[in-house]
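Chain by chain, the residues run as shown.
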Amino acid sequence: MDMDKLVSLCKRRGFLFQSSEIYGGINGFWDYGPLGVELKRNIKQAWWLDMVTGHDDLNVLPGAPSSYEMTGLDCTILMHPQVWKCSGHYDLFHDYMVDCRESKKRYRHDQVAGRWVTCKGQKIFATAPSGTDAEAEIEHAAMKFFNLRGKDRDQLAFDGPVRSLTEVTELASVLGPDAKQLGTLTEPREFNLMFKTFVGALSGEEGAAFLRPETAQGIFVNFKNVIDSTRHRLPLGIAQVGKSFRNEITPRNFTFRSREFEQMEIEFFCHPDSSADWYRYWRDRRVAWYKGLGLSGDRLRLREHHREELAHYSIGTADIEYAFPFLAAGDYGELEGIAHRGDFDLRSHMEGKLDEKTRPLQLQLGADGKPRWKGSGKDLSQRDELTGERFVPHVIEPSAGADRAALAFLCEAYDEDEAPDENGKPQTRVVLRFNPRLAPIKAAILPLVKKDGMPELAQELYLRLKRKMNVFYDEKGAVGRRYRRQDEIGTPYCLTVDSQTLADRTVTLRDRDSLEQIRIGLDDVPAELERRLS
C-alpha cells in the first residue's frame, strides 16, 4: 500500500489534519476531522463495550483462570508530582538524543540508521533516519559525501547491513543525517519525555507538575478507592481511556509517534499465584480482539520480549505489532503492549520508589539512608478471603493506543479494486473496508433522482435511522458517483430510494465489499442494519 495515498485521502476526506495547519502546523500533534473523530470514537466504544460494559462477569471465559469483574475510571491529566517520582517516571522516563552541530537538527539516538562504507580510501558511517527508505537514503548520503554520480555507485564498498547508530562509538567517523561533514553529531544524552507545567500562582519548583505520560498511574493511586467504594473483589480489571503526553524527540510516521495521544488501558489486579496464567489470558485475548475487527493475516503478530528488553519492573511483556506501510519490509510497529508488572506499582505507591537495579526490587534509598522518594504510606495490600493471607496484588497491563489502532485500521482498510461506474464501465475504485462496527458512517441514504417524491421518502428514512446510528443523506450527482464517495470513506451500506420504492415501499441495499444489491422493505431497514452492524 502507498502510504502517501492514505495520508492524502485522510486529509481530503476529513479523517486527519495536522494541528494548527494554517500557521504551518506543529510537529507531533494531529487533529481528527469529521470522519476521523467518528472512527476513533467507534474504536474506543468497541474497546469499552468488549472489555468493560459488555463483559460477562458471571462465567469463566475461554482461556481465563476464573471469572472476573471489570470496571472503569476517568482520572485527571495532572496529578500530584510525587506520583511520578514513586512510579519511576521522574528519574527513568527518558530517551537518548543526539544533536547535529551542522544542521541544528535533533534525533533520537536509536532512530538513526547507518552503514559503514569505504570509498576513495576513506571509511565512514553514513546515516539516515530509520524507516522504509533508510537504505536508499544512506546510499544517497554516501554518494553525495564522496561526490559520486549515479554511474559511479559501484565505487561504494558497503561493510555489513543497515544498523542502529547505538552500535557505533566512533562518532568522528559518522556522517549525520542532513550533514555534509563528519563528526557533527553530539554524544547521546538523556532527554526527559514528560511535559512540565505549573499549578496555581506559583511558578517555581514548588508549583511544578507534569502532564501524565500514561493513564496507568491514575488507576494505581485509585485502586484502594475503587475497592473501598464498590463490592468488587479480585481478580478485577480497572479500565481507562484518556489523553497522555510525551515530549517525543522526533515525532514521525504520521500519527504513529505523536506528542499527544490517547490510550486505552486496563490494569488487571490478581493474586500473585495466578498472575502468570492471567498474563497469558490477556495476551491472547487482546490479539483476538484486533483480529475480530479486521486486523489479520501476516501483518499482525504477537511478539514476546526477550529478557534484555524487559522493563525493570516487568516479569514478562508481549507486544501486539502491525506491519505499517511506512516501515521497512519485515519490520513491525507496536500497537499494544501486554505487561506482567508484578507488584511493582502498588508497592511503589505504598513504600516509595523502588530501585530498578535490585532483584528482588528493594526500596531505593538516598545518601541519608531514607527513601529517595517517599510513598503514600497507604496499605494497598489485599486479604485472601479463603486463607486469610495478605498479599500485594500483581498487575497485568494491556495498554493500547487509540491513535495507533485508528492508523492500523485505516492502513488495513485501504484498498483499490475495479468496479463498474454508472455507465457499466470498469473503473478503479478506492475503498476503505472497515469492519462495520468501526465505520464512521454506517449507511448512506440516496434518492435515485431529486423528483417524484423520492427525496421525501429518503429523508423520512434518514431521520428514522439518525437517532440509532450515524448515517448520511446525499442527493447530489449521479448515483454511481455517490456510491464511490461512500466507498472511499468506508461506508458499508448504501440505501437507494427509486421508482420501485414508490410502488412497493422497498429500497435497494448495496453492500460496499461484495457490491451485492438486494431489495428490502422500507420498514425493515432499521432492524436489518442493526443486525448487520452488531
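Everything quoted here is computed from the prediction, not taken from an experiment.

**Topic: the sheet that holds strand β15 (residues 300-304)**
Part 1: Taken together, the 7 strands give an open sheet; going across it, the order is β3-β13-β14-β22-β17-β16-β15, and neighbouring strands pair in mixed fashion. The strands lining the two open edges of the sheet, one partner per strand, are β3 (69-72) and β15. Pairwise comparison of adjacent strand axes, ignoring direction, gives a mean angle of 20 degrees for this sheet.
Part 2: In terms of strand pairing, β15 meets strand β16 (residues 316-322) through 5 bridges, oriented antiparallel. If you follow Glu304 over to β16, its bridge partner there is Ala318.
Part 3: Across the sheet, helix α2 (residues 34-53) is in contact with β3, β13 (236-245) and β14 (260-270); its angle to β13 comes to roughly 160 degrees.

**Some words on the nonpolar core**
Part 1: Formed by 60 residues in total, the largest nonpolar core has its most connected members in Phe15, Ile43, Trp278, Trp282, Tyr290, Phe324 and Leu410.
Part 2: Going through the elements one at a time, α1 (3-12), α2, β14, α8 (275-292), β16, β17 (333-342), β22 (394-401) and α10 (402-413) are the ones with two or more residues in this core.
Part 3: No other element matches the 9 residues that α10 contributes to this core.
Part 4: Contacts of Phe324, omitting those with residues within four sequence positions, involve Phe256, Gly333, Leu335, Arg404, Leu407, Ala408 and Cys411.
Part 5: Counting residues in hydrophobic clusters, the runner-up holds 25 residues, among them Phe125, Ala142, Leu165 and Val168.

**Description of the sheet that holds strand β25 (residues 443-447)**
Part 1: Read from one edge to the other, the open sheet built from 5 strands follows the order β26-β25-β27-β28-β29, with strand pairing classed as mixed. Edge strands, defined here as strands with exactly one partner in the open sheet, are β26 (471-473) and β29 (517-521). Between one strand and the next, the sheet's axes are offset by a mean angle of 25 degrees, whatever the strand orientation.
Part 2: Where β25 and strand β27 (residues 493-497) come together, 5 bridges link them in parallel fashion. Residue pairing for β27: Ile445 is matched across the bridge by Leu495.
Part 3: Contacts between helix α11 (residues 454-466) and the sheet are confined to β25, β26 and β27, with β26 contributing the most and set at about 160 degrees to the helix.

**Description of the pattern of salt bridges**
Part 1: Considering all chains together, one arrives at 50 salt bridges under this definition.
Part 2: In this structure, Asp284 and Arg283 form a salt bridge, with 3.2 Å as the shortest nitrogen-oxygen distance.
Part 3: Through salt bridges that share partners, Asp415, Asp417, Arg429, Arg433, Asp487, Arg510, Arg512 and Asp513 make up one connected network.

**Looking at the packing of α2 against α10**
Part 1: Packing of α2 against α10 brings their axes to within 10 Å, and their N-to-C directions diverge by 110 degrees. On the basis of their axis angle, the class for α2 and α10 is roughly perpendicular. Considering the relative orientation of α2 and α10, their crossing is right-handed. Counted together, Leu39, Lys40, Ile43 and Lys44 of α2 and Ala402, Asp403, Ala405, Ala406, Phe409 and Leu410 of α10 form the full contact between these two elements.
Part 2: Class assignment for the residues of the contact of α2 with α10 results in 7 nonpolar, no polar and 3 charged.

**Focus: the packing of α2 against α8**
Each pair of packed helices gets described by two things: the angle between the helix axes and the distance between those axes.
Part 1: Following both chains from N to C, one finds α2 and α8 inclined at 135 degrees, their axes separated by 12 Å at the closest point. Taken together, the axes of α2 and α8 lie oblique to each other. Handedness of the α2/α8 crossing: right-handed. Contacts between α2 and α8 involve Ile43, Ala46, Trp47, Asp50 and Met51 from the first element and Trp282, Arg285, Arg286 and Trp289 from the second.
Part 2: Tallied by class, residues from the contact of α2 with α8 come to 6 nonpolar, no polar and 3 charged.

**Examining the environment of Ala216**
Part 1: Position of Ala216 among the secondary structure elements: in helix α6 (residues 216-221).
Part 2: Measuring from C-alpha to C-alpha, the distance between Ala216 and Ile238 comes to 9.6 Å, with 22 residues separating the pair along the chain.
Part 3: The residues contacting Ala216, other than those within four sequence positions of it, are Glu265, Glu267 and Glu397.

**Section: the packing of aromatic side chains**
Part 1: Scanning all chains against the criterion turns up 23 aromatic pairs.
Part 2: Judged by centre distance (5.1 Å) and plane angle (85 degrees), the rings of Phe145 and Phe146 are edge-to-face.
Part 3: Summarising the aromatic geometry, the rings of Phe268 and Trp278 are spaced 4.6 Å apart at their centres and angled 50 degrees between planes, so their arrangement reads as tilted. Here Phe268, found in strand β14, pairs with Trp278, found in helix α8; they are 10 residues apart in sequence, far enough to count as distant.
Part 4: Residue Trp278 is classed as buried on the basis of its relative accessible area of 1%.
Part 5: Connected via pairs of aromatic rings, a cluster forms that spans Tyr68, Phe268, Trp278, Tyr281 and Trp282.
Part 6: Its guanidinium or amino end placed over the ring of Phe256, Arg404 lies 3.8 Å from that ring's centre, counting from NZ or CZ.

**Details of a nonpolar patch on the surface**
Part 1: A cluster of nonpolar residues, Ile77, Leu78 and Val199, forms a patch on the protein surface that exposes about 210 Å² of accessible area.
Part 2: For Leu78, the location among the structural elements is in the loop between β3 and α3 (81-87).

**Observations concerning the pairing of β27**
Part 1: Of all 5 residues that make up β27, 5 are buried, and the element is covered over most of its length.
Part 2: With burial as the criterion, each face of β27 is covered, one bearing Tyr493, Leu495 and Val497 and the other bearing Cys494 and Thr496.

**Considering helix α5 (residues 134-145)**
Part 1: Here α5 contains 12 residues, and its C-alpha end-to-end distance of 16 Å stays within 8% of the 16 Å for a straight helix at 1.5 Å per residue.
Part 2: Along α5, the positions that sit buried rather than exposed are Ala134, Ile138, Ala141, Ala142 and Met143.
Part 3: Along its buried surface, α5 packs onto β6 (112-119), β7 (122-129), β8 (157-164) and β9 (174-175).
Part 4: Looking one or two places after α5, you find Asn147, whose phi comes out positive at around 60 degrees.

**Points about the pairing of β16**
Part 1: Among the 7 residues in β16, 7 count as buried, and that is most of the element.
Part 2: Burial along β16 is two-sided: the residues Gly316, Ala318, Ile320 and Tyr322 and Thr317, Asp319 and Glu321 are all buried.
Part 3: Pairing geometry for β16 and β17, over 7 bridges, is antiparallel. Within β17, the residue paired with Asp319 across the bridge is Gly337.

Cut-offs and rules
- Residues numbered from 1 in each chain as written.
- Predicted model: local features only at pLDDT ≥ 70, side-chain atom pairs only at ≥ 80, totals over all residues.
- Heavy atoms only, no water.
- Pairing = 2+ DSSP bridges.
- Helix = DSSP H or I, 4+ residues; strand = E, 2+ residues; numbered from the N terminus.
- Axes fitted to C-alpha atoms, helices over the stretch in contact; angles between N-to-C directions.
- Contact = heavy atoms within 4.5 Å.
- Core = buried A, V, L, I, M, F, W, Y, C linked by side-chain atoms within 4.5 Å.
- Buried < 20%, exposed > 50% of the residue type's maximum accessible area, 1.4 Å probe, protein only.
- Salt bridge = Lys/Arg side-chain N within 4 Å of Asp/Glu carboxyl O.
- Parallel < 35°, antiparallel > 145°, perpendicular 65-115°, else oblique.
- Left-handed = near helix turned anticlockwise from the far one by under 90°.
- Nonpolar A, V, L, I, M, F, W, Y, C, P; charged D, E, K, R; others polar.
- Phe/Tyr/Trp six-rings, centres within 6.5 Å; stacked < 30°, edge-to-face > 60°.
- Lys NZ or Arg CZ within 6 Å of the ring centre and 35° of its normal.
- Patch = residues over 30% accessible without salt bridge, like charges linked within 9 Å, V, L, I, M, F, W, Y side chains within 5 Å.
- Areas by Shrake-Rupley, 256 points an atom, 1.4 Å probe, with all protein chains shown as cover.
- Expected span 1.5 Å × (residues − 1).

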